[in-house]
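As a plain string of letters, each chain reads:
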Amino acid sequence: MISHGKDIKIFAGSSNKRLAEAICKEMGMELGNAEVGAFSDGENFVSIYETVRGSDVFVVQSTCAPVNDNLMEMLIMIDALKRASAGRITAVMPYFGYARQDRKTKPRDPISAKLVANLITRAGADRVLTMDLHASQIQGFFDIPVDNLLGNPIFTRHFAERFGDDVDGTMVVSPDVGSVARARAFAQKLGMGLAIVDKRRQKANSSEVMNIIGDVRGKRVILFDDMVDTGGSLCGAAQALVELGGATEVYACASHGVLSGPAVDRIEKSVIKEVIFLDTVPARSDVKCDKIKYLSVAHMFAEAIERIYEEVSVSKLFS
C-alpha cells in the first residue's frame, strides 16, 4: 500500500474518534497512541505515547461543538507533534468550524475563518485536509496547501441507487441562493432538474421563505445543502415546497449535521421524510430521531490520506 519508506501515523482528538478509527480500519493500520483530555480548570492537555520523529502525521479532529475546546485541542496536538520532530503534519478537519465568518458583512465584523487559518498554520500544520468548506475561498486564507474534499459523490451514489429510476419525478432543490452552484452540480450528476428556494434572512439562525423558483408540483424533491445548524432554514424550505410548491415528498441531505439548539425537534416535526448527513460531525448520543441517517466518509478520507502520503494527485476524489 505504501510506496516509500517514511512511515505514516494517524492520531485523533476527542471530537470524532469513531471516524478516525474507521479511517484507520480502511487503511489497515492502528490509530496512534495518544491521550487527549482536560485539567480540572478546563485547560486541554495532550500526551503522545509513541515516537513520531520523521513520520508523516495526520491529526483527525472536527472543530464541531464544543468548538473552542476542539479547536484548542487540535492546536495543542499539532504543537506537540511539531516539537516531537514529526516530518510533516496534516490537520484532517472533516468539519471546519468558524467557516461561516468568512467576510465582513457589516462594519467592525471579524473574519474568524482567517484567524483560525492563521492559528492552524502558526501551530505547525504543513497542510489541511477538509470537506465541503462553507465558502470555497477559505482555501485562500491558508498559506499552506488545503485539500477540500466534496461530499457530493457520496450523496450522488446514494440517491442514484434510490431514485435513479425516476429522474423525471425527482428534483434537486437549493434551500437558498448561496447554495445554487453546489446544488446544480449535484443535480447534473443525478440527471435531475433544479429548483431554488428564495428566502430573506432577517438575522443569524433565522430566515423567512419568500418564494420558489422552479416547478416542483407533484414531484419528489431533495433539498441539498452543505450544513444544517438549527434547522430553521431547512425545515422552512421544506414546508414551503409542500405548501406553496406542491411537492409530494421532501428528502434532505447535507454534509455537516451540526444540529444545535432546536434542530432535532424541528426536523422531527417537519414535513421532511428523511435527512441524510455525512459523519464529518459525529451523531449526538442524545439524539433519537428516526428521520436522521448518516453516511460514512471514512473511505474517502482514507484514500485522500494515502494519496497525500504517496505524493499523488487527490483530484480523482472530486469527481
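Cut-offs and rules
- Counting restarts for each chain: residues are numbered from 1 in the order of the written sequence.
- Only residues with pLDDT of 70 or above have their local features reported here, since the model is predicted, and side-chain atom pairs are shown and tallied only from 80 upward, although totals for entire chains, interfaces and linings are computed over all residues.
- Side-chain measures were taken over the full set of non-hydrogen atoms in the model, leaving aside hydrogen atoms and water.
- Each residue is assigned to one of three classes by its accessible area relative to the maximum for its type, calculated with a 1.4 Å probe on protein chains only: buried under 20%, partly exposed between the two thresholds, exposed over 50%.
- The helix count covers DSSP runs of H or I at least four residues long, the strand count covers runs of E at least two residues long, and both are numbered beginning at the N terminus.
- For two strands to be treated as a pair, DSSP must find no fewer than two bridges joining them.
- When the strands point away from the viewer and the connection leading from the first strand across the helix to the second strand turns clockwise, the crossover is called right-handed.
- In this entry, domain limits derive from an automatic or database-based domain assignment.
- Here's the idea: put two parts together, see how much 1.4 Å probe accessible area each one loses, and the total over both is what we call buried area.
- The term salt bridge refers to a side-chain nitrogen of Lys or Arg lying within 4 Å of a carboxyl oxygen of Asp or Glu.
- Polar contact is defined as a pair of N or O atoms within 3.5 Å, subject to the rule that within protein one atom must be able to donate a hydrogen and the other to accept it, and that residues adjacent in sequence are counted only when both atoms are side-chain atoms.
- The nonpolar class holds Ala, Val, Leu, Ile, Met, Phe, Trp, Tyr, Cys and Pro. Asp, Glu, Lys and Arg form the charged class, and all remaining residues, Gly among them, are polar.
- Expected helix span is given by 1.5 Å per residue-to-residue step, counting one fewer step than there are residues.
- Working definition: the arc comes from the directions between the helix axis and the C-beta atoms, pointing outward to the latter.

Draft legend 1. Up close: the pairing of strand S13 (residues 274–278). Within S13, 5 of the 5 residues are buried, which leaves the element mostly enclosed by the surrounding structure. Neither face of S13 is open: one carries Glu274, Ile276 and Leu278, the other Val275 and Phe277, and all of them are buried. Both strand S12 (residues 249–257) and S13 contribute to a ladder of 4 bridges, which runs parallel. By the bridge assignment for S13, Tyr251 is matched with Glu274. Once you follow S12 into helix H7 (residues 263–269) and on to S13, the crossover reads as right-handed. Here S13 pairs with strand S14 (residues 292–295) via 4 bridges, running parallel.

Draft legend 2. Representation of the domain arrangement of the chain within the structure. Domain parsing of the chain yields domain 1 (8–149) and domain 2 (152–295). Placing the centre of domain 1 and that of domain 2 at their C-alpha centroids yields a distance of 28 Å. When the two sides are added together, the surface that domain 1 and domain 2 hide from each other amounts to roughly 1100 Å², 54% of it contributed by carbon and sulfur. Area buried by domain 1 at its contact with domain 2 is led by Tyr95, Arg100 and Asp132, which between them contribute 46% of it. Across the contact surface, domain 1 and domain 2 share 1 salt bridge. In this structure, Asp229 and Arg100 form a salt bridge, with 2.7 Å as the shortest nitrogen-oxygen distance. Across the domain 1-domain 2 interface, the total number found is 8 residue pairs in polar contact (both at pLDDT 80 or more). When its residues are assigned to classes, the side of domain 1 that touches domain 2 shows 6 nonpolar, 4 polar and 2 charged.

Draft legend 3. Layout of helix H8 (residues 298–309). Between the first and last C-alpha of H8 there are 16 Å, a value that for 12 residues agrees with the 16 Å anticipated at 1.5 Å per step. Burial within H8 is extensive, with 11 of its 12 residues counted as buried. Here H8 has its buried residues at Ala298, Met300, Phe301, Ala302, Glu303, Ala304, Ile305, Glu306, Arg307, Ile308 and Tyr309.

Draft legend 4. Structural detail: helix H5 (residues 180–190). Every buried residue of H5 is listed here: Val180, Ala183, Phe186, Ala187 and Leu190. Looking down the long axis of H5, one finds its buried residues gathered within 130° of arc, a one-sided arrangement. With respect to the buried face of H5, the exposed residues turned more than 90 degrees away are Ala181 and Gln188. Positive phi appears at Gly191, one or two residues downstream of H5, with a value of about 75°.

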